[in-house]
Amino acid sequence: QPGLYVLGFRPEEQIQRIVQYAGAQGRTRFAALAPEDAYGTRAVNAFHEAVAAVPGGTSVITRTFPADSDSPMAAVEEIAAFGRPGGLPVQVTTPDGTPAERPALPPPGFDALLIADGGPRVDSIARLLAGYDVTPGTTSILGTMRWQDDPALLANSGLQGAWLATWSPDALAGFTSRFANTYGREPAPLAVLAYDATALAVLLGSAQPRFTAAQLTDQQGFVGGAGIFRLRPDGLAEHGLAVVQVEDGRGRVIDAAPASFAEGHEADRPAY
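This write-up is about the structure you can find in this document. (Residues numbered from 1 in each chain as written. Predicted model: local features only at pLDDT ≥ 70, side-chain atom pairs only at ≥ 80, totals over all residues. Heavy atoms only, no water.)

A word on the pattern of salt bridges. The tally for this structure, following the rule as stated, stands at 12 salt bridges. Note that Arg10 is salt-bridged to Glu13, the shortest N-O span being 3.8 Å. Among the residues examined, Arg10 registers a relative accessible area of 6% and is labelled buried. Given the relative accessible area of 4%, Glu13 is considered buried. Across the pair Arg63 and Glu78 runs a salt bridge, and its minimum N-O distance is 2.7 Å. You can see Arg63 sitting in strand E2 (residues 58–65) and its partner Glu78 sitting in helix H3 (residues 73–81), a full 15 residues away along the chain. A single network of salt bridges, built from pairs that share partners, joins Arg10, Glu12, Glu13 and Arg42. (Salt bridge = Lys/Arg side-chain N within 4 Å of Asp/Glu carboxyl O. Buried < 20%, exposed > 50% of the residue type's maximum accessible area, 1.4 Å probe, protein only. Helix = DSSP H or I, 4+ residues; strand = E, 2+ residues; numbered from the N terminus.)

Following this line, the structure appears as C-alpha cells:
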C-alpha cells in the first residue's frame with residue numbers, strides 16, 4: 001500500500017543480473033529449472049523477460065518440478081537430454097554395481113542453465129546433471145542468492161565454475177567486520193537489511209519535510225551495508241548486485257556490483 005516499502009532482495013533482480021551477465025559473455029540459448037511454487041513462478045517469469053532482453057537470446061527449454069520433490073530426476077533428465085541426438089544413454093553398471101565408463105556426451109542444446117532453487121535440492125540437481133555431463137565445463141550454470149542459504153552447497157563439485165548474482169561480497173564483508181567488532185559476534189544473515197532500514201530512517205529523519213515519497217524513492221539511491229540500493233515507487237527495492245564464480249566452496253567476484261544506478265527505476269522501464 002502507499003507508504004510501505006520492502007527492502008528484501010527479489011528473485012527478479014537477481015535473475016535479471018545473472019542472465020544479463022551471461023548474455024554479455026556470448027550466451028544466447030538459455031534453459032531453466034525451477035520448483036512449482038511462488039518463488040519458482042516468479043523466477044520463471046523473470047527468466048523469460050530477462051532472456052528476451054539479451055541480443056539474440058532464446059529460452060529454449062524451461063522445466064519445473066513439484067516443490068515437495070527432494071530429487072527432481074524427471075525434470076533434470078528432460079533438461080539434460082535437450083538438443084542431444086539420441087537422448088541420454090542408458091546407465092550401465094559393472095559386475096560390482098559401479099557405473100560403467102562411457103564416452104563423453106555432446107554438449108546439450110543450450111549454453112546457459114539457470115537453477116532457480118536452493119538448499120539440498122540444488123545439490124541433488126547438480127549431481128544428477130554432472131552424471132549427464134552438464135557442468136560448468138560444458139555450459140554456464142547460473143544461480144541466485146538462494147544457493148547461499150546452505151554454505152555447503154557451494155562445495156558441490158558440479159557447481160565449481162558456476163555463476164550467481166548476489167550482494168557485493170566486499171561491502172558485506174565490511175559490514176560483517178564492523179558488526180563483529182561492535183558486538184563480538186557474527187551478524188544474522190538479514191541483519192544487513194535491518195541496518196539499511198535503520199540508517200535510511202536516520203538519514204531521512206533529519207530532513208524537512210521528513211520521509212516524503214520523493215526522498216524515499218530518490219533515483220540515485222543509497223549506500224547500504226551490502227552495496228547500493230534504492231526504493232521504487234511501487235514499494236519494492238532494487239539493489240546493486242555482483243556476479244561471483246563458485247570456486248572451492250566460495251564465490252570469487254568476476255563482475256563487481258555497480259557503484260551507481262542507471263537512470264530510471266527498473267519498474268519504469270518496459271522490460272529488462
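That covers the picture; the talk isn't over yet.
Sheet faces and side chains relate simply in a regular strand, where the side chains alternate between the two faces. In this structure, strand E9 (residues 242–247) lies alongside strand E10 (residues 250–255), joined through 5 bridges in antiparallel fashion. For Val244, the partnering residue across the bridge sits in E10 and is Val253. Count of turn residues in the E9/E10 antiparallel hairpin: 2 residues, of which Asp248 carries a positive phi of about 55°. (Pairing = 2+ DSSP bridges.)

In contact at an axis separation of 11 Å, helix H5 (residues 169–183) and helix H6 (residues 191–205) are set at 85° when each is read in the N-to-C sense. Between H5 and H6, the interaxial angle falls into the category roughly perpendicular. Between H5, through Leu172, Phe175 and Arg178, and H6, the contact on the second element is made entirely by Ala191, Val192 and Tyr195. In terms of residue class, the contact of H5 with H6 is built from 5 nonpolar, no polar and 1 charged. (Axes fitted to C-alpha atoms, helices over the stretch in contact; angles between N-to-C directions. Parallel < 35°, antiparallel > 145°, perpendicular 65-115°, else oblique. Contact = heavy atoms within 4.5 Å. Nonpolar A, V, L, I, M, F, W, Y, C, P; charged D, E, K, R; others polar.)

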